[in-house]
Structures are given as C-alpha cells and as structure tokens.
Amino acid sequence: ALTKERKIEGKKYGQWLSRQDSSLRFIYLSEVDFAHLADSLALADGILFTGGADIHPALYGKAYDTARCGVIDTIRDRYELEAFRLARELGLPILGICRGLQMINVAMGGTLYIDLPQDKGTAELHRVGQEDWADHPVTLIPGSRIATLMEVPIVNVASNHHQGIEQLATGLSAAATSPDMLIEAIENTSDNKQWIMGVQWHPEWMSHEDVLS
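The structure reproduced in this document is the subject of the present report.

Focus on the nonpolar core
Proteins that are soluble and globular tend to have nonpolar side chains buried together.
Part 1 of the argument: By size, the foremost hydrophobic cluster in this structure holds 30 residues, and its most contacted members are Leu29, Leu41, Ile47, Phe49, Ile94, Ile104 and Ile186.
Part 2 of the argument: For this core, the secondary structure elements donating two or more residues are helix H2 (37-41), strand E1 (47-49), helix H3 (74-90), helix H4 (99-107) and strand E8 (183-188).
Part 3 of the argument: Top element by residues in this core is H3. It accounts for five residues.
Part 4 of the argument: Apart from the residues lying within four places of it in its own chain, the contact partners of Ile47 are Ala1, Thr3, Leu29, Leu41, Ala83, Ala87, Pro93, Ile94 and Leu95.

Quick word on the layout of surface pockets
Part 1 of the argument: Here the largest pocket is characterised by a volume of approximately 850 Å³.
Part 2 of the argument: If you trace the largest pocket, you find 39 residues lining it, with Gly52, Ala53, Arg127, Glu131 and Asn160 closest to the centre.
Part 3 of the argument: For the lining of the largest pocket, the secondary-structure elements that each account for two or more residues are H4, helix H5 (116-119) and helix H6 (123-126).
Part 4 of the argument: Residue contributions to the lining of the largest pocket peak at three residues, all from H6.
Part 5 of the argument: Per-class residue counts for the lining of the largest pocket are twelve nonpolar, 14 polar and 13 charged.
Part 6 of the argument: Estimated volume of the second largest pocket: approximately 720 Å³.
Part 7 of the argument: In terms of lining residues, the second largest pocket is bounded by 29 residues, among which Trp16, Leu17, Leu24, Leu48 and Leu95 are the most central.
Part 8 of the argument: For the lining of the second largest pocket, the secondary-structure elements that each account for two or more residues are helix H1 (13-20), E1, strand E2 (94-97) and strand E9 (196-199).

The rules we used
- Residues numbered from 1 in each chain as written.
- Predicted model: local features only at pLDDT ≥ 70, side-chain atom pairs only at ≥ 80, totals over all residues.
- Heavy atoms only, no water.
- Core = buried A, V, L, I, M, F, W, Y, C linked by side-chain atoms within 4.5 Å.
- Buried < 20%, exposed > 50% of the residue type's maximum accessible area, 1.4 Å probe, protein only.
- Helix = DSSP H or I, 4+ residues; strand = E, 2+ residues; numbered from the N terminus.
- Contact = heavy atoms within 4.5 Å.
- 1 Å grid on protein atoms, 1.4 Å probe; cavity = no way out; pocket = protein on both sides within 12 Å on 5 of 7 lines; lining within 4 Å.
- Points joined across faces, edges and corners; volume = space filled by probe spheres on them.
- Nonpolar A, V, L, I, M, F, W, Y, C, P; charged D, E, K, R; others polar.

Limitation: the analysis is restricted to geometry and does not speak to function.
If you want it as structure tokens, here you go:
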C-alpha cells in the first residue's frame, strides 16, 4: 500500500519498488474512501508512507506555528494517521520516506522542527532554495538495521525537505544523522514483531545502481 504516489514518471515510488520486485502490485490509499481503508490494508503485505506536503503542526502540539509551513494537506494527514493505526494493528511492515518518516514520528507521539533553515540554521544542507534537490552525507549509527545493509558508515543521499524530527517518539531509535545532527533515519525499538523504518532522504530519487537505494 502506498499512501500517495508521485506524478513524475521515472521517480514514482511504485516504479522504485518494482525495480526490487517486479511482481509487486499496489494499493493507492489516496484513492481509497476513508471508510474503506481497513479493508484495503487487510489486503496489503506492507505499507509505504511517501513524501509530500507538510504535516499540520497541530498534530504535534504546535498549532500556533502554521505560517512557517509550506503546503498542508489535512485530508491526507487524517487518512495517514488512520492508516498508521491500522498498519500497527495488522502488524504490517512500515516504511516511511521524507514526510513518511515525519508521519511515523508524529503518529507515535514525537514532534517536528517547523522550518530547519530558521530552527537549526541549516538551510541548503537539506534543500537548495525552496524546491531544488540537495545531496549530502549521512552517518549510519552502528548497530542499527540500516547500518547492517552497508559496508561503509557514511553515505550520500538525495534530500528535499525543510522540516525534520525534533523530539523522537518513544519506541523509536535514531539510525542515521546528517552533519547538523538531524535524525535522518529511524527504526522501532519496542516491538520486535513489527518492522518499522523511516528515512528522511529519498531513495527513489537516487541512482538505480546506488546500494542504499
């Protein structure tokens, strides 16, 4: 199940996943009526929370600070929170990319920096200007699941975001950080029966040959 697909050909999340397994079929939750989310997820083997609009700050205790947000999609916020609850209930493997990492953190009780350029002073590290892609290193934390996938501790990633994790939710651990010490990857710690991982970067935007992607 994909929470929302990108429109750009060659950079779609489904296309990226299909390069790993051509037999995959997808449910696009943005096209599913809210009342039918549970039925749709009951058919899924996993769920990907994809990138996109800013999460409404009211969901993590900062309702007063919407002016510094970009586009907000409250309809998407609502169905993704419910999809996350259902995915936990069903024990589905959960992967988050960019906004998806942030949604996992918020859904589990964490908070976000509203705007990294202002809050941390690291503007062009994560996104060049308002929309252009950045390329920066991340350090994989020894012992994390994602670190076991790589032979080197520092890797370059494709990045395009202005928000990020401030307070990490209980039940999650940091698995990677950027040079400004922003958490760049997360995984669950409290429930070994369910696989949860999120990355702040965009593996689907990286080279097909990139091992991390």
